[in-house]
Amino acid sequence: MRRMWMMGLAVALAVSGAAAQPAPAWMDQSLSADARADLVQAQMSQDDELLLVKGYFGADTHQPWIKTPPAEYLSQLPGTAGFVPGIPR
């Protein structure tokens, strides 16, 4: 019985510890959209910003001005207008 209680306590502490992390400031809906956008942009690198603007072309083309997508995205591109991956945070 005591062992089950200890296991339950360990699970509860693990779950509460994961949930205790505060949300990023840009998730605060009480802020204006412009303020939230400024907070997100402050966390982005120039590569992040350019990736959102440019993305990857949807056709298999070999033009010097078109960046070749990473291999992990190639299967998602054929027949599309293009692909803009999310930025992991």
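Residues numbered from 1 in each chain as written. Predicted model: local features only at pLDDT ≥ 70, side-chain atom pairs only at ≥ 80, totals over all residues. Heavy atoms only, no water.

Enquirer: Tell me about the overall build of the chain, residues and numbers included.
Expert: Helix and strand counts for the chain stand at three helices and two strands. When the helices and strands of the chain are read in sequence order from the N terminus, they spell out α-α-α-β-β. Looking at the 89 residues of the chain, the share that counts as buried comes to 10%. Summarising the internal contacts of the chain: among those between residues at least 6 apart in sequence, 34% fall at separations of at least 24. (Helix = DSSP H or I, 4+ residues; strand = E, 2+ residues; numbered from the N terminus. Buried < 20%, exposed > 50% of the residue type's maximum accessible area, 1.4 Å probe, protein only. Contact = heavy atoms within 4.5 Å.)

Enquirer: Explain the environment of F83 to me, and be specific about the residues and the numbers.
Expert: Here F83 lies in strand β2 (residues 82-83). Taking the C-alpha atoms as reference points, F83 and K54, 29 residues apart in sequence, are found 9.1 Å from one another. For F83, the residues in contact, after removing those within four places along its chain, are G55, Y56, Y73, Q76 and L77.

Enquirer: Could you give an account of the environment of V40, with specific residues and numbers?
Expert: With respect to the helices and strands, the residue V40 is situated in helix α2 (residues 33-42). In this structure V40 comes out as partly exposed when scored by relative accessible area, which is 30%. Between the C-alpha atom of V40 and that of M27, which follows or precedes it by 13 residues, the distance is 9.3 Å.

Enquirer: Can you explain the environment of G82? Please cite residues and give values.
Expert: Relative to the helices and strands, G82 is located in strand β2. Between the C-alpha atoms of G82 and K54, which are 28 residues apart in sequence, the distance is 9.4 Å.

Enquirer: Hey, could you go over the confidence of the model for the chain for me, with residue numbers and the actual values?
Expert: Averaged over every residue, the pLDDT of the chain is 75; the share at 70 or more is 74%. Within the chain, the element-level pLDDT minimum falls on helix α1 (residues 2-19), averaging 52, and the maximum on α2, averaging 93. (pLDDT = per-residue confidence, 0-100.)

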